[in-house]
Amino acid sequence: MVEKDIYQRIVMNILLTIVIIVAIIAILQNSEQFRSQWRNLQINKPRGRVSHTYRNDPKNRYLQRDLLILLKGDTAAAKRLLAQQRRKNPGKSDNWYLEKVIFDLERDRRR
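Residues numbered from 1 in each chain as written. Predicted model: local features only at pLDDT ≥ 70, side-chain atom pairs only at ≥ 80, totals over all residues. Heavy atoms only, no water.

J.: Hey, could you run me through the overall build of the chain in this one?
T.: Counting secondary structure elements, the chain contains 4 helices and 0 strands. Looking at the chain as a whole, 16% of its 111 residues qualify as buried. Long-range pairs, those at least 24 residues apart, make up 60% of the contacts in the chain with a sequence separation of at least 6. Summed over its atoms, the accessible surface of the chain is roughly 9,700 Å², and 59% of this surface lies on carbon and sulfur atoms. (Helix = DSSP H or I, 4+ residues; strand = E, 2+ residues; numbered from the N terminus. Buried < 20%, exposed > 50% of the residue type's maximum accessible area, 1.4 Å probe, protein only. Contact = heavy atoms within 4.5 Å. Areas by Shrake-Rupley, 256 points an atom, 1.4 Å probe, with all protein chains shown as cover.)

Right, dumping it as structure tokens:
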């Protein structure tokens, strides 16, 4: 009886291992299909001037500071607003995005 129980456990462990391996293979195949589909997506490149990093332009630092002052230090909101403007108006300079967000905030506060 004890030997039969041991053999059943061994068989169950082998079956469980096979099921886990099959599941892992299925997950890997799905992730590979996802990766290939992701690679095939065409990313829209901005037209016109390409936005450069704002570390290169000292004027940018002042605009960043002004934006953070308007938002009372909320960097997450600043990033969100800048990303929103980048989606709405692709291909502009970083200074333009910063100035636009600052202008919009000041305009909305005047109302």
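Read on, since the account is not over.
J.: Help me understand the side chain of Asn 95, please; the structure alone is not making it clear to me.
T.: Turning to its location among the elements, Asn 95 is positioned in helix 4 (residues 94-110). Separated by 3.3 Å, the side chains of Asn 95 and Asn 60 make a polar contact. (Polar contact = N/O pair within 3.5 Å; in protein donor to acceptor, adjacent residues only side chain to side chain.)

J.: When you look at the nonpolar core in this model, what are you seeing that I'm missing?
T.: Soluble globular proteins tend to pack their nonpolar side chains together in the buried interior. In this structure, Leu 63, Leu 67, Leu 70, Leu 71, Ala 77, Ala 78, Leu 82, Tyr 97, Leu 98, Val 101, Ile 102 and Leu 105 together form the largest nonpolar core, which totals 12 residues. Those elements that provide at least two residues to this core are helix 2 (58-70), helix 3 (75-88) and helix 4. Top element by residues in this core is helix 4. It accounts for 5 residues. In this view, Ile 102 contacts Leu 63, Asp 66, Leu 67 and Leu 70; residues no more than four positions away in its chain are not counted. (Core = buried A, V, L, I, M, F, W, Y, C linked by side-chain atoms within 4.5 Å.)

J.: Teacher, can you tell me more about the pattern of salt bridges here?
T.: Side-chain pairing between opposite charges can occur once the charged atoms of the two side chains come close. Overall, the coordinates contain 6 salt bridges when judged by the stated rule. Two residues, Asp 104 and Lys 100, come together in a salt bridge whose shortest N-O distance is 3.2 Å. Of this pair, Asp 104 and Lys 100 both sit in helix 4, 4 residues apart, roughly one helical turn. When its relative accessible area of 12% is taken as the criterion, Asp 104 is described as buried. Residue class for Lys 100 comes out partly exposed when judged on its relative accessible area of 24%. Where salt bridges share partners, they join Lys 100, Asp 104, Arg 107 and Asp 108 into one cluster. (Salt bridge = Lys/Arg side-chain N within 4 Å of Asp/Glu carboxyl O.)

J.: I would appreciate a short explanation of unusual backbone geometry in the present structure.
T.: Of note in this structure, Lys 72 is not a glycine but carries a positive phi near 55°. Along the chain, Lys 72 turns up in the loop between helix 2 and helix 3.

J.: Is there a simple way to think about the packing of aromatic side chains in this case?
T.: Two measures describe an aromatic ring pair: the distance that separates the ring centres and the angle between the ring planes. Counted under the stated rule, the structure contains 1 aromatic pair. When the ring centre of Trp 96 is taken as origin, the NZ or CZ atom of Lys 92, which lies over that ring, is 5.2 Å away. (Phe/Tyr/Trp six-rings, centres within 6.5 Å; stacked < 30°, edge-to-face > 60°. Lys NZ or Arg CZ within 6 Å of the ring centre and 35° of its normal.)

J.: Quick question: what am I supposed to make of the environment of Leu 81 here?
T.: Inspection of the secondary structure puts Leu 81 in helix 3. Relative accessible area serves as the criterion here: at 24%, Leu 81 is assigned to the partly exposed category. Sequence-distant contacts of Leu 81, defined by excluding residues within four places in its chain, comprise Leu 71, Val 101 and Leu 105.

So yeah, pure geometry; function would need other evidence.
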